[in-house]
Amino acid sequence: MKKEGVIKATVATLDAARLNRPLRAFVHVDTTSWVVTRQLLALQELSDVEEIHTVTGESAILLKVRTRDTQSLEQGETRAANPRCPPDTPSSAG
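Cut-offs applied
Residues numbered from 1 in each chain as written. Predicted model: local features only at pLDDT ≥ 70, side-chain atom pairs only at ≥ 80, totals over all residues. Heavy atoms only, no water. Pairing = 2+ DSSP bridges. Helix = DSSP H or I, 4+ residues; strand = E, 2+ residues; numbered from the N terminus. Axes fitted to C-alpha atoms, helices over the stretch in contact; angles between N-to-C directions. Patch = residues over 30% accessible without salt bridge, like charges linked within 9 Å, V, L, I, M, F, W, Y side chains within 5 Å. Areas by Shrake-Rupley, 256 points an atom, 1.4 Å probe, with all protein chains shown as cover. Salt bridge = Lys/Arg side-chain N within 4 Å of Asp/Glu carboxyl O. Core = buried A, V, L, I, M, F, W, Y, C linked by side-chain atoms within 4.5 Å. Buried < 20%, exposed > 50% of the residue type's maximum accessible area, 1.4 Å probe, protein only. Contact = heavy atoms within 4.5 Å. pLDDT = per-residue confidence, 0-100.

Caption draft 1: Spotlight on the sheet that holds strand S1 (residues 23-29). Read from one edge to the other, the open sheet built from three strands follows the order S1-S3-S2, with strand pairing classed as antiparallel. Since the sheet does not close on itself, it has two edges, and those belong to S1 and strand S2 (49-54), each with one partner. Taking the axes of each pair of neighbouring strands and ignoring which way they run, one obtains an average angle of 15 degrees across the sheet. With seven bridges connecting them, S1 and strand S3 (residues 61-67) associate as antiparallel partners. Pairing of Ala25 across the sheet is with Val65, part of S3.

Okay, structure coming up:
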């Protein structure tokens, strides 16, 4: 089935607690323009961001985040609010 392209991927399921990232959150991000949305797509470089989805409705982007605790989640939200902030730069949140 892999040869025919029916099976597209084989994945590993990781133990979030053993990775010291037990907190999973879905973050809705609202933007005013597609330019900002494109900048936010660069958040995929952050290790806490597992998935990025564009959505319709009140939010423009939905982030699936897995992180250590609420403080690190807030730091990631600060980076999302300022997409020009380099991924490894500590934020002032918390």
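Still more to cover.
Caption draft 2: Examining a nonpolar patch on the surface more closely. Together, Met1, Val6 and Ile7 give the surface a local cluster of nonpolar side chains, amounting to about 310 Å² of exposed area. Structurally, the position occupied by Met1 is in the segment before S1.

Caption draft 3: Structural detail: the nonpolar core. Counting residues in hydrophobic clusters, the biggest one holds 12 residues: Ala25, Val27, Val29, Leu40, Leu43, Leu46, Val49, Ala60, Ile61, Leu63, Val65 and Leu73. Taken together, the elements giving at least two residues each to this core come down to S1 and S3. Look past the residues within four positions of Val27 in its chain and what remains in contact with it is Ile61, Leu62, Leu63, Val65, Leu73 and Glu77.

Caption draft 4: Summary view of unusual backbone geometry. Phi angles above zero are rare outside glycine, and Asn20 is one such case at about 60 degrees. Given a relative accessible area of 46%, Asn20 falls into the partly exposed group.

Caption draft 5: Local environment of the confidence of the model for the protein. The predicted model of the protein averages 80 in pLDDT, with 82% of residues at 70 or higher. Confidence drops under a pLDDT of 50 for residues 87-94, and excluding neighbours within four residues, the segment shows 12 contacts in the predicted structure.

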